[in-house]
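Below are the chains, spelled out letter by letter.
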Amino acid sequence: MWIPSSLAEVEATIQATWGETPDLVVCRLNVRQLKKDVVLLYLDSLADKNSINNNVLQPLLFETHDATNVEEVAVLIGQKKYTNLWSEVETAVFQGESVLFIDGEQQALLLDTQGWPQRAIAEPQVESSIKGAHQGFIETSGKNIALIRRYLPNRELKVKELVVGRRGKTKVALLYLEDVTHPEVLKELEDRIRMIDVDAVVNTGELMQLIEDNPFSPFPQFLLTERPDAAVSNLLQGRIVVVVDRSPSVMIAPMSFIAFFQTIDDYSTRWMIATFLRLLRTLAFFIAIFLPSLYIAAISFHYELLPLNLILTVGESREQVPLPPILEAILMELAIEMLREAGLRLPAPIGQTVGIVGGVVIGQAAVQAGLVSNIMVVVVAITAIGSFIIPNPDMSESVRLIRFPMMIVSSLFGVIGMAIGLMILVIHLACLESLGTPFGSPFAPVRFRDWKDTVVRFPLWTMRSRPLSAHPIQLKRQTKTRK
Amino acid sequence: MKAAALLLCVALFLSGCGMNTKLDSLTMTLTLGLDTDGGKLLSYSSSPVFNKDAKEHTEVIEVNASSLREGRYKIDLFASGRAVGGKIQNVVIGKALAKKKEIPSLLDVLYRDPKNSTTALLIVYDGPVKELMESKQKDKPRLAVAIKDLIMTTAVDKQTVKTNLLDFHRTLFDKGCTPFASEMTRKNGKMMANGTALFDNKGKYVTSLSPKETPFLQLLRKEIKPAIPFTLRTAALTGKKENISVSIEHGKVRYETRYRNGRFQFHVQIDAGVIITEKIADIDISKKQKKLEKMIAHEIKTKTTALVKTFQHHHVDPVGFGLYARAYEYDHWKKVENDWGKAFAAADVSVSVKAKVISYGVIH
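Residues numbered from 1 in each chain as written. Chains lettered and ligands numbered in written order. Predicted model: local features only at pLDDT ≥ 70, side-chain atom pairs only at ≥ 80, totals over all residues. Heavy atoms only, no water.

**Student:** Before we go on, may I ask you to explain the overall build of chain A in this structure?
**Tutor:** For chain A, the count of helices and strands is 14 helices and 12 strands. In terms of overall dimensions, chain A has C-alpha extents of about 100 × 60 × 35 Å along its principal axes. Among the 483 residues that make up chain A, the fraction classed as buried is 48%. Summed over its atoms, the accessible surface of chain A is roughly 22800 Å², and 61% of this surface lies on carbon and sulfur atoms. If the 44 positive side-chain charges of chain A are averaged to one point and the 50 negative ones to another, these points end up 10 Å apart. (Helix = DSSP H or I, 4+ residues; strand = E, 2+ residues; numbered from the N terminus. Buried < 20%, exposed > 50% of the residue type's maximum accessible area, 1.4 Å probe, protein only. Areas by Shrake-Rupley, 256 points an atom, 1.4 Å probe, with all protein chains shown as cover. Lys, Arg positive; Asp, Glu negative; His and termini not counted. Charge placed at Lys NZ, Arg CZ, Asp CG, Glu CD.)

Shown next, in the form of structure tokens:
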């Protein structure tokens, strides 16, 4: 539908389009520059009033120089757009822009006066870091892109903007380094996002699920982060950063499994410490998955596994426990999961209460009442800590989930069951793909050169090429500067 | 493909769930006892009890059976849980039984059934096994732990040996040596490690070495680490009844093997580096070091020679001279390999020792 040229018709159309919209401002003025009437249209709630008053209304009312057409109207706004389509007017109004209709003109002027409520840039809540930057992404994509651009003032950093959602019309921006990112990977991601046909994408997490390679896997195949420095570090490895408007986390694709166990701090600490921490995380990964099942297997099947003194300790601590090991373990694991979930959703002051209740009830009372054994409490506690060490929350949750089938398998088949579980897990991880690139890289397929930055972290100057997992087209990252 | 995978998963979950051995429902034999009482074979099992209502932490069961496996079935009749042997720590055999029977045939089930532990210590008990199994020592942990700790730590000081079932089997199977095991007894109501029991090549008990002789057996077997301590009288040097304690910290034991005049000849060359750990005797070591060294060497030589005489007398070879005979004089060895004990008894064994004091200790 075209924009009507007479103001009366425009006003009628506005009336028809926005019936029940109390925050819509329709303002008819006489403009001296044009010697014509105009209508200024904006949504009060999404537009910046100061900007409209000072940069639009003031010049319109008081500027005296003559203008003959739309292009010549003087307003103090840098970003001006012209349109003659009504649908674009609608979109613009809903994005906080103001629209200027001029009597007798087919074209309307779209002025960038956006100003909606937004949060200040703050420290990332979920992924805090010791040495990394203390700026986290916020809910405005423009600001988020700005945060990334600050790290990469480079013309190769390209931003491709798409719109997702019929109603939501969410702006989704793909950021990538044009000379590093593989064009096919980029095209694949773009195609997948374009194929999405939903009402709205409220959060990056939703977008992620809509375009994942294997939606039936317990593992996340893309990384969500709220840290600009982490996003930039991945951009430099040839990955693509997807910034979704209105969501404080950005998505990084394609991803490899091992990258979920790395943090930005690893690169700013000394390499030995970083290596130690990464080995610790790898250990924690296995503990979080296998420790309860190992306990169950050892007690229900393979008592020979335990050294004599340990078996006596375990036996004594299980003296008055009425439950079989699997029930004991599931009871405790569920209790700790409930505690976690309760603590997560509660406001901080009440959250402490949960900790105390949980600590006292589980740590003390359950043992004294003879419901569970001391050893089980220790096992559950170590498992919980192990799962918290995994830096990525999505991966940590996956690991906590996998633990339960492992426990069931080990209660049925002991260590054999665990071995089968581990094999299925490894096979699954080796089969997974992220945007068509192997998720298990550099272990499956084996790429020895990339092992420098996996469970160990070599000194920075030895990592001279970008990892192959995202298929970068430019491999060289730096020259040899030290021996 | 997917259907097959699904079927496999289902099949997995259907297969034997009844195979589990829950810790709570086991009667784990930790110490296995074997003894004889006039022709009868007695088998004892000592196992921990995990129950808050039970007054005693250890359950001891005595049965009379013709073999160990039959004994286990009988033990099962008494035990509150399933009797299992996967965690056996000690196998205690009464000396009376060991003298009477060749023990390998008794222990067969421990080697044959893979569910049984083969790393259990083999111990010969001087006295009725019943008194050890039923002994309750207030100042000691559970019986199995107490026995094991006793043997393991004493073996570090070389006053006994540690022999597990596999070691025993290996030394028995090897024609070049004969088996040996640690020995225990009770004194003043307390159990004590009591040197080494020697067996012949059929696995029958022959004789024992005292805790004072055992270190020299270990020396001959080149088991020197961490140290071999012993105390010697210095009467020859000072004329008084005084002591000096030394410990062999490192040493080389070399065997030379020859076959002459229809018999084997072994020459054992021991180079020992000793440190002085205690000196009661009034000797100025720095002045009399050479003499002291000679005296230590003489002591080692006397003890080892006497030991070898004992071995030859009883036709046993726990040191493994036969291994050297086989390595260096195979043709002659081949003829006597099935009766090595006898051939060894006829062999000439000479020992020469060089001792060197490498440290006087911190104060001197």
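**Student:** I keep staring at the pattern of salt bridges and nothing clicks. Help me out?
**Tutor:** Any two side chains of opposite charge can pair, on the condition that their charged atoms come close. Residues and elements named next belong to chain A. Throughout the structure, instances matching the rule amount to 39 salt bridges over all chains. Its salt-bridge partner being Arg 227, residue Asp 229 comes within 3.0 Å of it at the nearest N-O pair. Look at Arg 227 and you get buried, because its relative accessible area is 3%. Close ionic contact of Arg 318 with Glu 328 constitutes a salt bridge, the shortest N to O distance being 2.4 Å. With Arg 318 in the loop between helix H10 (308–317) and helix H11 (325–345) and Glu 328 in helix H11, the pair connects residues that are 10 residues apart, well separated along the chain. Summarising the burial analysis for this pair, Arg 318 and Glu 328 share the class buried. When salt bridges that share partners are traced, they join Asp 266, Arg 278, Arg 281 and Asp 453 into one network. (Salt bridge = Lys/Arg side-chain N within 4 Å of Asp/Glu carboxyl O.)

**Student:** Sorry if this is basic, but what is going on with the UniProt feature "domain: Spore germination GerAC-like C-terminal" (unreviewed entry) in chain B here?
**Tutor:** UniProt annotation of "domain: Spore germination GerAC-like C-terminal" (unreviewed entry) refers to residues 194–361 of chain B when read in the numbering used here. Note that residues 194–361 of chain B is 36% helix and 38% strand, and that its end C-alpha atoms are spaced 29 Å apart. (UniProt positions renumbered as here; feature names shortened; annotations may be inferred.)

**Student:** Looking at this structure, how should I read a nonpolar patch on the surface?
**Tutor:** All names here are of chain A. A cluster of nonpolar side chains, namely Phe 443, Val 446, Phe 448 and Trp 451, defines an oily patch on the protein surface of about 400 Å² accessible area. If you trace the backbone, Phe 443 turns up in the segment after strand E12 (437–438). Given a relative accessible area of 33%, Phe 443 falls into the partly exposed group. (Patch = residues over 30% accessible without salt bridge, like charges linked within 9 Å, V, L, I, M, F, W, Y side chains within 5 Å.)

**Student:** Can you walk me through the interface of chain A and chain B in this structure?
**Tutor:** Accessible area lost upon the coming together of the parts serves often as the stated size of an interface. In this assembly, 24 residues from chain A lie in contact with 28 residues from chain B. Across the chain A/chain B interface, buried area totals approximately 2200 Å², and carbon plus sulfur atoms make up 68% of it. Residue B:Arg142 is joined to A:Glu316 by a salt bridge in which the shortest nitrogen-to-oxygen separation is 2.3 Å. The tally of links between chain A and chain B comes to eight residue pairs in polar contact (both at pLDDT 80 or more). Secondary-structure elements contributing two or more residues to the side of chain A that touches chain B are helix H9 (271–300), H10 and helix H14 (393–431) of chain A. Its residues assigned to classes, the side of chain A that touches chain B shows 16 nonpolar, four polar and four charged. (Contact = heavy atoms within 4.5 Å. Buried area = accessible area lost by both parts, 1.4 Å probe. Polar contact = N/O pair within 3.5 Å; in protein donor to acceptor, adjacent residues only side chain to side chain. Nonpolar A, V, L, I, M, F, W, Y, C, P; charged D, E, K, R; others polar.)

**Student:** I keep staring at the packing of aromatic side chains and nothing clicks. Help me out?
**Tutor:** Aromatic rings considered in pairs are described by the distance between their centres and by the relative angle of their planes. By the definition in use, this model includes 27 aromatic pairs over all chains. Measuring from ring centre to ring centre gives 5.6 Å for A:Phe257 and A:Phe285, while their planes differ by 70°; the resulting arrangement is edge-to-face. One end of the pair, A:Phe257, is in the loop between strand E10 (250–253) and helix H8 (265–268); the other, A:Phe285, is in helix H9, with 28 residues separating them in the sequence. Measuring from ring centre to ring centre gives 6.4 Å for B:Phe199 and B:Tyr205, while their planes differ by 85°; the resulting arrangement is edge-to-face. Exposure class is identical for B:Phe199 and B:Tyr205. Each is buried. Across from the ring centre of A:Trp461, 4.6 Å away, lies the NZ or CZ of A:Arg482, which sits over that ring. (Phe/Tyr/Trp six-rings, centres within 6.5 Å; stacked < 30°, edge-to-face > 60°. Lys NZ or Arg CZ within 6 Å of the ring centre and 35° of its normal.)

**Student:** Can you walk me through the confidence of the model for chain A in this structure?
**Tutor:** It should be kept in mind that the predicted coordinates are not to be read in detail where pLDDT is low. Residue-level pLDDT values for chain A average 90, and 100% of them are 70 or greater. Here helix H12 (residues 348–368) of chain A stands out as the least confident element of chain A, with mean pLDDT 81; strand E9 (residues 240–244) of chain A is the most confident, with 96. (pLDDT = per-residue confidence, 0-100.)

**Student:** Sorry, what's going on with the nonpolar core here?
**Tutor:** In a soluble, globular protein the nonpolar side chains are often hidden away together inside. Within the largest apolar cluster, 51 residues are counted, with the highest numbers of intra-cluster contacts made by B:Phe266, B:Ile270, B:Leu292, B:Ile296, B:Ile300 and B:Phe321. Those elements giving two or more residues to this core turn out to be helix H9 (214–220), strand E11 (228–233), strand E12 (243–260), strand E13 (263–279), helix H11 (285–313), helix H12 (321–328), helix H14 (340–345) and strand E14 (348–359) of chain B. Inspection of this core shows a minimum of three residues originating in each of domain 1 (24–211) and domain 2 (215–364) of chain B. Contacts of B:Ile270, omitting those with residues within four sequence positions, involve B:Leu219, B:Leu220, B:Lys252, B:Val253, B:Ile300, B:Thr304, B:Val351, B:Ser352, B:Val353 and B:Lys354. Core analysis: the second largest hydrophobic core is formed by 39 residues, A:Ile145, A:Ala231, A:Phe285 and A:Phe439 among them. (Core = buried A, V, L, I, M, F, W, Y, C linked by side-chain atoms within 4.5 Å. Domains from an automatic or database assignment.)

**Student:** Even after reading the chapter, I still don't get the UniProt feature "transmembrane region" (unreviewed entry) in chain A, so can you show me in this structure?
**Tutor:** Residue and element names in this part refer to chain A. Following the UniProt record, one finds the feature "transmembrane region" (unreviewed entry) at residues 279–301, 346–365, 371–390 and 402–430. With 80% helix and 0% strand, the stretch residues 371–390 has end C-alpha atoms that lie 30 Å from each other. The span residues 402–430 is 100% helical and 0% strand by assignment, and the distance between its end C-alpha atoms comes to 16 Å.

**Student:** Help me understand the sheet that holds strand E4 (residues 58–64) of chain B, please; the structure alone is not making it clear to me.
**Tutor:** Residues and elements named next belong to chain B. Strand order in this open sheet of eight strands is E4-E3-E2-E6-E7-E8-E9-E10, and the pairing throughout is mixed. Edge positions in the sheet fall to E4 and strand E10 (205–209), since each of these pairs with one other strand and no more. Each adjacent strand pair in this sheet contributes to an overall mean axis angle of 30°, direction not counted. Relative to E4, strand E3 (residues 40–48) runs antiparallel, the two being bridged by seven bridges. (Pairing = 2+ DSSP bridges. Axes fitted to C-alpha atoms, helices over the stretch in contact; angles between N-to-C directions.)

**Student:** How should I be thinking about the UniProt feature "domain: Spore germination protein N-terminal" (unreviewed entry) in chain B in this particular structure?
**Tutor:** According to UniProt, the positions carrying the feature "domain: Spore germination protein N-terminal" (unreviewed entry) are residues 23–184 of chain B. The straight-line gap between the two end C-alpha atoms of residues 23–184 of chain B is 30 Å; of that span, 33% is helix and 28% is strand.

**Student:** Is there a simple way to explain the sheet that holds E11(B) in this structure?
**Tutor:** Within a sheet, adjacent strands bond to each other through the backbone by hydrogen bonds, running parallel or antiparallel. Residue and element names in this part refer to chain B. Reading across from one edge, E11-E12-E13-E14 is the order of the four strands in this open sheet, with mixed pairing throughout. What marks the edges here is a single partner per strand, and that holds for E11 and E14. Strand-to-strand twist of the sheet, defined as the mean angle between neighbouring strand axes without regard to direction, takes the value 35°. Alignment of E12 against E13, held across 16 bridges, turns out to be antiparallel. Directly across from Arg 260, in E13, lies its bridge partner Arg 263. Running at roughly 150° to E14, H11 makes contact with E11, E12, E13 and E14 of the sheet.

**Student:** Help me out: how do you make sense of the domain arrangement of chain A in this one?
**Tutor:** According to the domain assignment, chain A contains domain 1 (7–111), domain 2 (141–255) and domain 3 (267–434). The C-alpha-based centres of domain 1 of chain A and domain 3 of chain A are spaced at 62 Å.

**Student:** Just to check I follow, could you spell out helix H7 (residues 228–235) of chain A for this structure?
**Tutor:** The periodicity of an α-helix, 3.6 residues per turn, causes residues three or four positions apart to be oriented the same way. In terms of residue burial, H7(A) counts as a mostly covered element, since seven of its eight residues are buried. In this structure, the buried side of H7(A) is in contact with helix H4 (141–151), strand E6 (157–164), strand E7 (170–177), strand E8 (223–225), E9 and E10 of chain A.

**Student:** Help me understand the packing of H9(A) against H11(A), please; the structure alone is not making it clear to me.
**Tutor:** If you want to describe how two helices pack, look at the angle between their axes and the distance between the axes. All names here are of chain A. Contact geometry for H9 and H11: axes closest at 9 Å, N-to-C directions at 160°. Overall, the two elements H9 and H11 adopt an arrangement that is roughly antiparallel. Both H9 and H11 take part in a crossing whose hand is right-handed. Residue-level inspection shows Pro 292, Tyr 295, Ile 296, Ile 299 and Ser 300 of H9 in contact with H11, the latter providing Pro 325, Ile 326, Glu 328, Ala 329 and Glu 333. The class makeup of the residues in the contact of H9 with H11 is seven nonpolar, one polar and two charged. (Parallel < 35°, antiparallel > 145°, perpendicular 65-115°, else oblique. Left-handed = near helix turned anticlockwise from the far one by under 90°.)

**Student:** Would you mind showing me how to read unusual backbone geometry here?
**Tutor:** Trans is the prevailing form of peptide bonds, just as negative phi is the prevailing case for residues other than glycine. In the segment running from A:Ser441 into A:Pro442, the intervening peptide bond is cis, with an omega of 5°. Geometrically, the link from B:Lys225 to B:Pro226 is a cis peptide bond, its omega value of -5° lying close to zero. Examined against the element boundaries, B:Pro226 turns out to sit in the loop between H9 and E11. The phi angle at A:Lys169 is positive, at roughly 45°, despite the residue not being glycine. Note on placement: A:Lys169 falls in the loop between E6 and E7. Judged by its relative accessible area of 37%, A:Lys169 falls in the partly exposed class.

**Student:** Looking at this structure, I do not really get helix H2 (residues 68–78) of chain B. What am I missing?
**Tutor:** All names here are of chain B. Taken together, the buried positions of H2 are occupied by Leu 68, Gly 71 and Ile 75. Take H2 and look down its axis: the buried residues cluster within an arc of 50°, on one side only. Taken together, the buried residues of H2 touch strand E2 (31–37), E3, E4, strand E5 (82–84), helix H4 (103–106) and helix H5 (108–112). (Arc of directions from axis to C-beta.)

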